[in-house]
Amino acid sequence: MSASSIFVILVSAIFVNNFVLSRFLGICPFLGVSRKVETSFGMGMAVTFVMTMASIITFLAQRFILESLGIEYMQTIVFILVIASLVQLVEMVIQKTSPTLYQSLGVYLPLITTNCAVLGLTILNIQNQYNLIETIFHAIGAAIGFTLAIVLFAAIRERLELADLPLEFKGFPIALITAGLMSLAFMGFIGLV
Amino acid sequence: MRDIIKMSLILLIITSVSGMILGFTNSMTEGIILERSLEEIASSLETLITDADEFEMLDDEEIISRERIKEVYAGYENGSIVGFAVKSFGQGYGGEVEVMVGIIGDGTISGVRVMSQSETPGLGDKITEESFLENYQGKITSEDVAIDTIGGATVSSKAVNDAVEAAASLFEDILKNR
Amino acid sequence: MKLTNIFSRGLVMDNPVFVQALGMCPILAVTNTAFNSLGMGMATTSVLLGSNIVISLLRKSIPAKIRIPCFIVVIATFVTMVGMILEAYFPDLNQSLGIFVPLIVVNCLILGRAESFASKNSLVGSVTDAIGMGLGFTGALVVLGMVRETFGFGSLFDMQLFGEAFEPMALMAMPPGAFLALGILMAAFNKIVYAKLK
């Protein structure tokens, strides 16, 4: 495995196969928590942390528990439990050790358990047969892609708040249409890798 | 303390029951899934090497360690080899594009079938259309086997080209002399 | 609450897709054709029905503190079962739904119904709730799938609608089309149905 293949994984996860805008993973927080740039960034950071940790742990769980026992069909249950307990653990650790960090990230942590970007990422890691290093970089790329999309989107939505819209389009409809236009822009990255 | 023990016990019970149910479902469906994938391979082998009456999977290290190659089958007619079917893959836009390439005689491509792909519907998945794949028919493995890419599906068509090229060079390097 | 109310609430008033915007990932990802939408809707409804039944039955024996992990295990079990059945009997559908089959686990709709309804209500109510919400979800998915398939492929449930001259609007079959179509459909739903009911 070369440095270039890592670079390809990274770029493709951030831009070409952006988790939110082209794979449709993590849409709920993308639409739900993106009203302000600041909170979006906080969510992005929390997701980055959990994604990287979860990828490593699920990779090891797949290799050393599921595959060696021949119970790959338990994958979904094991992965979601790993993510749920990880989120809980991270929440407790942050709360005890760094109250300031907890104040900025704490509120997002419970939401991450049901963020399909995290579970989706761990399943994709296994499906693409990545090794541990590729898995880590795929996670980092996915997380940066998620943060990028949600922060950009929040910046647009802050302006949309002030726009004069037909009543029917207020809220989710216009947010979805905006996301559609962003997704169109991201399609320009096709062929980059 | 007693609370914790009670709670872990309940969680343990639920998880073990679910494990048992899943193990049971898995044993019910496993056979069907395996059978289906074997059937799929068998039917594509038969259409790619029509003369053959018997197939054998080749799994020596020399062959399966090659890049982009997944599985190789040899087709026999009355005990002598009449062709090979090579399962290879290329990197597409949405993941791996897996194809089965049929090579008969001394290096003529008899056909290409897409076995699995997850390309964009409406664009990239045009690579599964017969009008695209039939262009490979009759190509000679010792020459350039790549065909024109489909507009709007460049990455996906290139993935198929890569896979077919890998199969062709495997034939030229190793299979031809068998 | 009357059963008919529970049922129709999920179908229209609290429609999980158009009103609550729950479970957005599969809604956007697998609705490029009407058939895929129907498949996803049915799979999700079966999981919802199964998990609502089990959770409603177990609601008195699950301690409040560990209810979320318990719910998740129950849901994940049903999802894995549905996944196995799809792989064995509907391999083509399974291939086109891809990773979104295991991801039914994190569909906020299912955990949401478990937490806010099934864990507090009787078996009959929970079943009705699951069917209403499931049909509301499936219906919305199929409508979106029909719109996208008509424009994106010029077909409906794989039957060609237009003649040779029709040039499909490929955009609608691709990711941006999903966002645009759902946004416009939601606005239309607001305008027609929701406004009338209020």
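The notes below deal with the structure included here. (Residues numbered from 1 in each chain as written. Chains lettered and ligands numbered in written order. Predicted model: local features only at pLDDT ≥ 70, side-chain atom pairs only at ≥ 80, totals over all residues. Heavy atoms only, no water.)

### As for the layout of surface pockets
Argument step 1. Within this model, the second largest pocket holds a volume of roughly 770 Å³.
Argument step 2. In terms of lining residues, the second largest pocket is bounded by 31 residues, among which Pro-110, Leu-111, Thr-113 and Thr-114 of chain A together with Leu-111 of chain C are the most central.
Argument step 3. Elements supplying a minimum of two residues to the lining of the second largest pocket: helix H2 (27-32), helix H4 (75-97) and helix H6 (109-112) of chain A together with helix H4 (67-89) and helix H6 (108-118) of chain C.
Argument step 4. Considering every element that reaches the lining of the second largest pocket, the biggest residue donor is H4 of chain A, with six residues.
Argument step 5. Its residues assigned to classes, the lining of the second largest pocket shows 21 nonpolar, seven polar and three charged. (1 Å grid on protein atoms, 1.4 Å probe; cavity = no way out; pocket = protein on both sides within 12 Å on 5 of 7 lines; lining within 4 Å. Points joined across faces, edges and corners; volume = space filled by probe spheres on them. Helix = DSSP H or I, 4+ residues; strand = E, 2+ residues; numbered from the N terminus. Nonpolar A, V, L, I, M, F, W, Y, C, P; charged D, E, K, R; others polar.)

### Re the environment of Glu-71 of chain B
Residues and elements named next belong to chain B.
Argument step 1. By the element assignment, Glu-71 lies in strand S2 (residues 69-77).
Argument step 2. For the pair Glu-71 and Ala-85, spaced 14 residues apart in sequence, the C-alpha to C-alpha distance is 8.4 Å.
Argument step 3. A polar atom in the side chain of Glu-71 sits 2.6 Å from the side chain of Tyr-73. (Polar contact = N/O pair within 3.5 Å; in protein donor to acceptor, adjacent residues only side chain to side chain.)

### What to know about a negative patch on the surface
Argument step 1. A cluster of acidic residues, Asp-51, Asp-53, Glu-54, Glu-56, Asp-59 and Glu-77 of chain B, forms a negative patch at the surface.
Argument step 2. Tracing the backbone shows Asp-53 of chain B in the loop between helix H1 (2-48) and strand S1 (54-58). (Patch = residues over 30% accessible without salt bridge, like charges linked within 9 Å, V, L, I, M, F, W, Y side chains within 5 Å. Areas by Shrake-Rupley, 256 points an atom, 1.4 Å probe, with all protein chains shown as cover. Salt bridge = Lys/Arg side-chain N within 4 Å of Asp/Glu carboxyl O. Lys, Arg positive; Asp, Glu negative; His and termini not counted. Charge placed at Lys NZ, Arg CZ, Asp CG, Glu CD.)

### Description of the interface of chain A and chain C
Argument step 1. Taken together, the 35 residues of chain A in the interface contact 35 residues of chain C.
Argument step 2. Counting the surface lost from both chain A and chain C, the interface buries some 3,000 Å², and carbon and sulfur atoms represent 87% of this.
Argument step 3. Three residues stand out in chain A for area buried against chain C, namely Phe-24, Glu-168 and Leu-176 of chain A, and they jointly supply 22% of the buried area on that side.
Argument step 4. Where chain A touches chain C, the interface holds one salt bridge. (Contact = heavy atoms within 4.5 Å. Buried area = accessible area lost by both parts, 1.4 Å probe.)

### As for the sheet that holds strand S4 (residues 96-104) of chain B
Residue and element names in this part refer to chain B.
Argument step 1. Reading across from one edge, S1-S2-S3-S4-S5 is the order of the five strands in this open sheet, with antiparallel pairing throughout. Pairing within the sheet leaves two strands with one partner each, and these edge strands are S1 and strand S5 (108-116). Strand-to-strand twist of the sheet, defined as the mean angle between neighbouring strand axes without regard to direction, takes the value 25°.
Argument step 2. Strand direction decides the pairing type here: S4 and S5, joined by seven bridges, are antiparallel. Pairing of Ile-103 across the sheet is with Ile-109, part of S5.
Argument step 3. Of the strands in this sheet, S1, S2, strand S3 (80-91), S4 and S5 touch H1, which is tilted by about 160° from S5.
Argument step 4. In the packing of helix H4 (residues 154-173) onto the sheet, the strands contacted are S2, S3, S4 and S5, and the crossing angle to S3 comes to about 145°. (Pairing = 2+ DSSP bridges. Axes fitted to C-alpha atoms, helices over the stretch in contact; angles between N-to-C directions.)

### Things to note about the packing of aromatic side chains
Residue and element names in this part refer to chain A.
Argument step 1. Under the defined criterion, the tally for this structure stands at seven aromatic pairs over all chains.
Argument step 2. Where Phe-30 meets Phe-153, the ring centres are 4.3 Å apart and the plane angle is 20°; that geometry is what we call stacked. One end of the pair, Phe-30, is in helix H2; the other, Phe-153, is in helix H8 (residues 132-160), and 123 residues separate them in sequence.
Argument step 3. Each residue in the set Phe-15, Phe-186 and Phe-189 is aromatic and connected to the rest through ring pairs, giving one cluster. (Phe/Tyr/Trp six-rings, centres within 6.5 Å; stacked < 30°, edge-to-face > 60°.)

### With respect to the side chain of Ser-18 of chain B
Argument step 1. Secondary-structure assignment places Ser-18 of chain B in helix H1.
Argument step 2. A polar side-chain atom of Ser-18 of chain B sits 3.1 Å from the main-chain carbonyl oxygen of Thr-15 of chain B.
Argument step 3. Separated by 3.3 Å, the side chains of Ser-18 of chain B and Thr-77 of chain C make a polar contact.
Argument step 4. Leaving out residues up to four positions away in the same chain, Ser-18 of chain B has contacts with Ile-77 of chain A together with Val-73 and Thr-77 of chain C.

### Notes on the interface of chain C and chain B
Argument step 1. Of the residues lining the interface, 23 residues belong to chain C; the matching set on chain B comes to 20 residues.
Argument step 2. A buried area of about 1,900 Å², summed over both sides, lies between chain C and chain B, and 79% of it is on carbon and sulfur atoms.
Argument step 3. If you look at where chain C meets chain B, you find zero salt bridges.
Argument step 4. Where chain C touches chain B, the interface holds three residue pairs in polar contact (both at pLDDT 80 or more).
Argument step 5. When residues of the side of chain C that touches chain B are traced back to their parent elements, those giving at least two are H4, helix H5 (91-97) and helix H8 (170-173) of chain C.

### Section: the pattern of salt bridges
Residues and elements named next belong to chain B.
Argument step 1. One pass over the structure, following the stated rule, counts 10 salt bridges over all chains.
Argument step 2. The partner of Glu-96 in a salt bridge is Lys-70, and the shortest N-O contact between them spans 2.8 Å. Of the two residues, Glu-96 is situated in strand S4 and Lys-70 in strand S2; the sequence distance between them amounts to 26 residues.
Argument step 3. Among the residues examined, Glu-96 registers a relative accessible area of 30% and is labelled partly exposed.
Argument step 4. Relative accessible area serves as the criterion here: at 29%, Lys-70 is assigned to the partly exposed category.
Argument step 5. Across the salt bridge formed by Lys-87 and Glu-71, the nearest N and O atoms sit 3.7 Å from each other. Of this pair, Lys-87 sits in strand S3 while Glu-71 is found in strand S2, placing the two residues 16 residues apart along the sequence.
Argument step 6. If you follow the salt bridges from partner to partner, you end up with Lys-70, Glu-71, Lys-87, Glu-96 and Glu-98 in one network. (Buried < 20%, exposed > 50% of the residue type's maximum accessible area, 1.4 Å probe, protein only.)

That's the geometry; what it means functionally is another story.
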